[in-house]
Amino acid sequence: MSAYTTAFQALTGGRALRPDEAARLLADLRTETGAELVTAAEKQLEHDPDFLRGPKDTEAEWRRKRRKYGAAMDAIGRLRRLASTSLPNVPHQRNNRSTS
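Residues numbered from 1 in each chain as written. Predicted model: local features only at pLDDT ≥ 70, side-chain atom pairs only at ≥ 80, totals over all residues. Heavy atoms only, no water.

1. Here's the deal with the overall build of the protein
A count of helices and strands for the protein gives three helices and zero strands. Order of helices (α) and strands (β) in the protein, N terminus to C terminus: α-α-α. Here the protein holds 100 residues, and the buried ones make up 19% of them. For the protein, long-range pairs separated by at least 24 residues make up 57% of all intrachain contacts whose partners lie at least 6 apart in sequence. (Helix = DSSP H or I, 4+ residues; strand = E, 2+ residues; numbered from the N terminus. Buried < 20%, exposed > 50% of the residue type's maximum accessible area, 1.4 Å probe, protein only. Contact = heavy atoms within 4.5 Å.)

2. Considerations on helix α3 (residues 59–84)
Given 3.6 residues per turn, any residue in an α-helix points the same way as the ones three and four places further on. Relative to the 38 Å expected for 26 residues at 1.5 Å per residue, α3 spans 37 Å between its end C-alpha atoms, a close match to the ideal helical length. Among all positions in α3, only W62, K65, A72, I76, G77 and A83 are buried. Where α3 is buried, its residues touch α2 (19–46). (Expected span 1.5 Å × (residues − 1).)

3. Some points on the nonpolar core
Grouped together as the largest cluster of nonpolar side chains are five residues: V38, L45, F51, A72 and I76. Residue assignment for this core shows that the elements contributing at least two residues are α2 and α3. Residue contacts for A72: discarding those within four places in its chain leaves L45 and F51. (Core = buried A, V, L, I, M, F, W, Y, C linked by side-chain atoms within 4.5 Å.)

Shown next, in the form of structure tokens:
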């Protein structure tokens, strides 16, 4: 079951989630959404004319395009690793100290 389906069922089921359940669910949603976005970006890069060899491209232009594509795919790989790490959602810790 997808994280989105689980979240929808949790929100519409009427049962309150424990904080640890909610944090896990939000982390799963973030991971799933990140993976979908990275996959879509990767597919977009594969068909981007900035990276495809043109009929009039010189070897130097083609090497620049390949280098640019490699850098973009490296960034996609980093984003994929980041999206796959399931970091827990840590609520903001309020600073209750007095500033005086």
